[in-house]
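# Residue-level structural notes
Chain by chain, the residues run as shown.
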Amino acid sequence: MSFPTHRPRRLRRNEALRGLVRETRLSTSGLIYPMFVCRAQRLPGSQLDAGIYQQSVDQIVEECREVESLGIPGINSVWLA
């Protein structure tokens, strides 16, 4: 196998992209916290998701503050009807 003649720089454009393609490290800065939003009060999630609950909007805001204090940079929220 020969050395590539073209080395695209698209994955080095900014620090966020460089962080995604950097060597594998396990830290809170690489995590995304899942949250499930519902209209009712706090409901248990599925049996496979230990500790994950369906929560109302006001509870989500409080939990986002807690997640931020843990150093987790992102959340993924899903609205459940």
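Because the structure is predicted, anything quoted here is derived from the model rather than measured.

## Some words on the overall build of the chain
When helices and strands are tallied, the chain shows two helices and four strands. Its helices and strands taken in sequence order, the chain reads α-β-β-β-α-β from the N to the C terminus. A burial count over the chain gives 14% of its 81 residues as buried. Within the chain, contacts between residues at least 6 apart in sequence are counted, and of these 50% link residues at least 24 apart. Accessible surface, the chain as shown: approximately 7,000 Å² in total, 56% of it carbon and sulfur.

## Observations concerning the nonpolar core
The biggest cluster of nonpolar side chains holds five residues, and these are Met-35, Val-37, Ile-60, Val-67 and Ile-72. Going through the elements one at a time, strand 1 (32–37) and helix 2 (57–69) are the ones with two or more residues in this core. In contact with Met-35, other than residues within four places in its own chain, are Ile-60, Glu-63, Cys-64, Val-67, Ile-75, Asn-76, Ser-77 and Val-78.

## Let's talk about helix 2
Look at helix 2: 19 Å from first C-alpha to last across 13 residues, which is about the 18 Å you get at 1.5 Å a residue. Residues of helix 2 that are buried include every one of Ile-60, Glu-63 and Val-67, and no others. All buried residues of helix 2 fall inside an arc of 70 degrees around its axis, so they share one side. With respect to the buried face of helix 2, the exposed residues turned more than 90 degrees away are Asp-58, Glu-62, Arg-65, Glu-68 and Ser-69. Where helix 2 is buried, its residues touch strand 1, strand 3 (53–55) and strand 4 (74–79). Gly-71 lies just past helix 2 and shows a positive phi near 90 degrees.

About the criteria used
Throughout this description, residue numbers start from 1 for each chain and increase along the sequence as written. Two thresholds apply to this predicted model, a pLDDT of at least 70 for residue-level local features and 80 or more for giving and counting side-chain atom pairs, whereas whole-chain, interface and lining totals are computed over all residues. Working from all heavy atoms in the structure, the side-chain values ignore hydrogens and water. Numbered from the N terminus, helices here are DSSP runs of H or I no shorter than four residues, and strands are runs of E no shorter than two. Buried residues are those whose accessible area, probed at 1.4 Å on protein chains only, stays under 20% of the maximum for their type, while exposed residues exceed 50% and partly exposed ones sit between those limits. Contacts are assigned to residue pairs with any non-hydrogen atoms lying within 4.5 Å of each other. Values of accessible area rely on a 1.4 Å probe in the Shrake-Rupley scheme; residue burial ignores everything except the protein chains shown. Among the buried residues, those of types Ala, Val, Leu, Ile, Met, Phe, Trp, Tyr and Cys that are joined through side-chain atoms within 4.5 Å form a nonpolar core. Multiplying 1.5 Å by the helix residue count minus one yields the expected span of that helix. The directions considered for the arc run from the helix axis to the C-beta atoms.

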